[in-house]
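Listed below, chain by chain, are the residues.
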Amino acid sequence: MLLQLTYHRSYHRKSVSFRPDMTQIKGWEDLFEVKDKAEVEKDAQQDELTLTWCENDRMKLTNTAEPFQLHPDTQEPLWCSHLQVFHARMLANELRRGAARTGNLFQTILSLFLVVFAWTLLFVKGGKNLGWHTSFGDGSEISKSDQDHLQEVIWKNLVFERWQLGDVLMIDNCGVSHGRQPYTGKRKIVVGWSEPHRKKNLPIPELEK
């Protein structure tokens, strides 16, 4: 039986500048692009997110979802989850792997510091109180061995493209994940979306066997 995944997110107001948590990347006003709490609550409900207001206008969002989705055209079961980055330890390990790939000494030292920092945050604050965290749907924590296995599978299937001036890259974001690796220098990449697809949070019978 497949277990669902629950995503835990926490956001401060935009005005809170000091956030001792590497997973706190923006305020909730930037996330929802509105400042009125009533509008935020309405948008969260439409997106099937459970919203809780905490002290000092801090917001907590949770939602539980199936880890696999059917491709809208081919109906092929596909992994559809942000677990590999919506978890403090896994995010730090992603940075460590990226730094090791480039061989950049500064990035390697920084990533090792972030790995230690991530473990400290998990120990002191608990995953569900961090900016990003993922647990199983029943609230239990995902084991280190499961996390390592997932990242190993992802990295074995990565394709790296070196951008050249004028490049255009089109991907099927239902069937292909996207991301970026550490880089040096300046660059500007313009991103556009087409034909938005709303995920269906339904179990896939053939994967439940």
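How each quantity is defined
- Residues numbered from 1 in each chain as written.
- Predicted model: local features only at pLDDT ≥ 70, side-chain atom pairs only at ≥ 80, totals over all residues.
- Heavy atoms only, no water.
- Pairing = 2+ DSSP bridges.
- Helix = DSSP H or I, 4+ residues; strand = E, 2+ residues; numbered from the N terminus.
- Axes fitted to C-alpha atoms, helices over the stretch in contact; angles between N-to-C directions.
- Contact = heavy atoms within 4.5 Å.
- Salt bridge = Lys/Arg side-chain N within 4 Å of Asp/Glu carboxyl O.
- Buried < 20%, exposed > 50% of the residue type's maximum accessible area, 1.4 Å probe, protein only.

Asker: A description of the sheet that holds strand β6 (residues 132-136) should follow, citing residues and the corresponding values.
Answerer: The strand order across the open sheet built from 4 strands is β2-β3-β1-β6, with neighbouring strands paired in antiparallel fashion. Each edge of the sheet is formed by a strand with only one pairing partner; in this case those strands are β2 (50-53) and β6. Here the strands of the sheet are splayed against their neighbours by 20° on average, with no regard to which way each runs. Alignment of strand β1 (residues 5-11) against strand β3 (residues 59-65), held across 7 bridges, turns out to be antiparallel. Looking across to β3, one finds that L5 is bridged to A65. Most of the contacts of helix α2 (residues 37-46) go to β2, to which it runs at about 155°, and overall it touches β2 and β3.

Asker: Could you give an account of the pattern of salt bridges, with specific residues and numbers?
Answerer: A full pass over the atoms with the stated rule returns 6 salt bridges. A salt bridge links K37 to D57, with the nearest nitrogen and oxygen atoms 2.6 Å apart. Highlighted residues: K37 in helix α2 and D57 in the loop between β2 and β3, separated in sequence by 20 residues. The exposure class of K37 is partly exposed, given its relative accessible area of 29%. With a relative accessible area of 24%, D57 lands in the partly exposed category. The residue R58 makes a salt bridge to E55 at a minimum N-O spacing of 3.3 Å. Overlapping salt bridges bring together R13, E29, K37 and D57 as one network.

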